[in-house]
Amino acid sequence: MTWIDLLLTLLFAVFIALGAERRLSGLLLGAGGVLLLRPLLSLGQLSPVLAVAAALLAGLLLALVSRRLARQRRLPPAPYALLGGVGGGLLGAALVLSAAVSLPIERNDANQVIYPPQQLPGMLAPAVQGSRLFREGRDILLYPLLDRQGDISARRRPVIRLLHSYLVVGEPWELR
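The rules behind the values
Residues numbered from 1 in each chain as written. Predicted model: local features only at pLDDT ≥ 70, side-chain atom pairs only at ≥ 80, totals over all residues. Heavy atoms only, no water. Patch = residues over 30% accessible without salt bridge, like charges linked within 9 Å, V, L, I, M, F, W, Y side chains within 5 Å. Areas by Shrake-Rupley, 256 points an atom, 1.4 Å probe, with all protein chains shown as cover. Salt bridge = Lys/Arg side-chain N within 4 Å of Asp/Glu carboxyl O. Helix = DSSP H or I, 4+ residues; strand = E, 2+ residues; numbered from the N terminus. Buried < 20%, exposed > 50% of the residue type's maximum accessible area, 1.4 Å probe, protein only. Core = buried A, V, L, I, M, F, W, Y, C linked by side-chain atoms within 4.5 Å. Contact = heavy atoms within 4.5 Å. 1 Å grid on protein atoms, 1.4 Å probe; cavity = no way out; pocket = protein on both sides within 12 Å on 5 of 7 lines; lining within 4 Å. Points joined across faces, edges and corners; volume = space filled by probe spheres on them. Axes fitted to C-alpha atoms, helices over the stretch in contact; angles between N-to-C directions. Parallel < 35°, antiparallel > 145°, perpendicular 65-115°, else oblique. Nonpolar A, V, L, I, M, F, W, Y, C, P; charged D, E, K, R; others polar. Arc of directions from axis to C-beta.

A.B. asks: Before we move on, can you summarise a nonpolar patch on the surface with the specific residues and values?
C.D. replies: Together, Trp3, Leu7, Leu10, Val14, Leu18 and Met123 line one region of the surface with nonpolar side chains, adding up to about 620 Å² of accessible area. Take leucine 7: it is sitting in helix α1 (residues 3-22). Given a relative accessible area of 49%, leucine 7 falls into the partly exposed group.

In structure tokens, the structure reads:
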């Protein structure tokens, strides 16, 4: 475990805490954010500027709707804090995993795909190379290639396949 793993784990914990603090609104925001992530990633392949604009607009609408729905419900805070924490955890996990698959793909002299990349600036390179989260990100990002080689265990295959289909748009190892 490296400092980058600790930083991403802290980010995950912050999203859980924020979701729990927002209660029902946290659940709605977290679940809505997770549902919007894939369409926004797909839109980002076409136009990153349009994807950012759509994300800002969708986030604003999601916040307004969740706030309105949360105000209408007057129930004990403890169950809703738990549900909010679940929503925050879902969104935090989606963002942490998105970060773990977001670095550029490198190729070595033999034209083999390398992920995580080795050519990162300063302290980032050793932290990413030793990171457990980025090793998992490698399996998610390169799932079709690794599965063809038999590098993904049968036990992990369904989860990795699902995460790959959700977090990865296209075949980024084909881009040059």
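A.B. asks: A description of the nonpolar core should follow, citing residues and the corresponding values.
C.D. replies: Counting residues in hydrophobic clusters, the biggest one holds 28 residues, and the most contacted among them are Leu103, Tyr115, Val128, Phe134, Leu141, Leu142 and Leu167. Elements with a minimum of two residues in this core: α1, α2 (24-46), α4 (77-100), α5 (124-129), α6 (132-141), α7 (143-149) and α8 (157-167). Broken down by element, this core gets its largest block of residues, four residues, from α4. Beyond its immediate stretch of four places on either side in the chain, valine 128 contacts Ile4, Leu103, Pro116, Leu120 and Phe134.

A.B. asks: Now, about the layout of surface pockets: what can you tell me, with residues and values included?
C.D. replies: Gaps left between atoms show up when a probe the size of a water molecule is rolled over them. Roughly 880 Å³ of volume is contained in the largest pocket. What lines the largest pocket is a set of 37 residues, and nearest its centre among them are Leu37, Leu40, Leu41, Leu95 and Ser98. Where the lining of the largest pocket is concerned, the elements lending two or more residues are α1, α2, α3 (48-72) and α4. Among the elements that make up the lining of the largest pocket, the one with the highest residue count is α2 (10 residues).

A.B. asks: How would you summarise the environment of methionine 1 if you had to cite specific residues and measurements?
C.D. replies: Here methionine 1 is to be found in the segment before α1. Residue methionine 1 is classed as exposed on the basis of its relative accessible area of 74%. In this structure, the C-alpha to C-alpha distance between methionine 1 and isoleucine 152, residues 151 residues apart in sequence, is 21 Å. Every residue in contact with methionine 1, bar those within four places of it in the chain, is listed here: Leu6 and Gly130.

A.B. asks: Now, about the environment of glycine 87: what can you tell me, with residues and values included?
C.D. replies: As for its placement among the helices and strands, glycine 87 is situated in helix α4. It is 6.7 Å that separates the C-alpha atoms of glycine 87 and leucine 28, two residues lying 59 residues apart in sequence. The residues contacting glycine 87, other than those within four sequence positions of it, are Gly26, Leu27, Gly30 and Ala31.

A.B. asks: Hey, could you go over the packing of α6 against α8 for me, with residue numbers and the actual values?
C.D. replies: Interhelical geometry of α6 versus α8 gives an angle of 80 degrees and a closest axis separation of 8 Å. Judged on the interaxial angle alone, α8 and α6 are roughly perpendicular. Of the residues in α8, those touching α6 at Glu136, Asp139, Ile140 and Leu141 are Ile160, Leu163, His164 and Leu167. Across the contact of α6 with α8, the residue classes tally to five nonpolar, one polar and two charged.

A.B. asks: Can you break down α8 residue by residue, with the values?
C.D. replies: Burial in α8 covers these residues: Ile160, His164 and Leu167. Axial view of α8: buried residues confined to an arc of 85 degrees, hence all on one face. For α8, the exposed residues lying more than 90 degrees away from the buried face are Val159 and Leu162. Elements that come into contact with the buried residues of α8 comprise α2, α4, α6 and α7.

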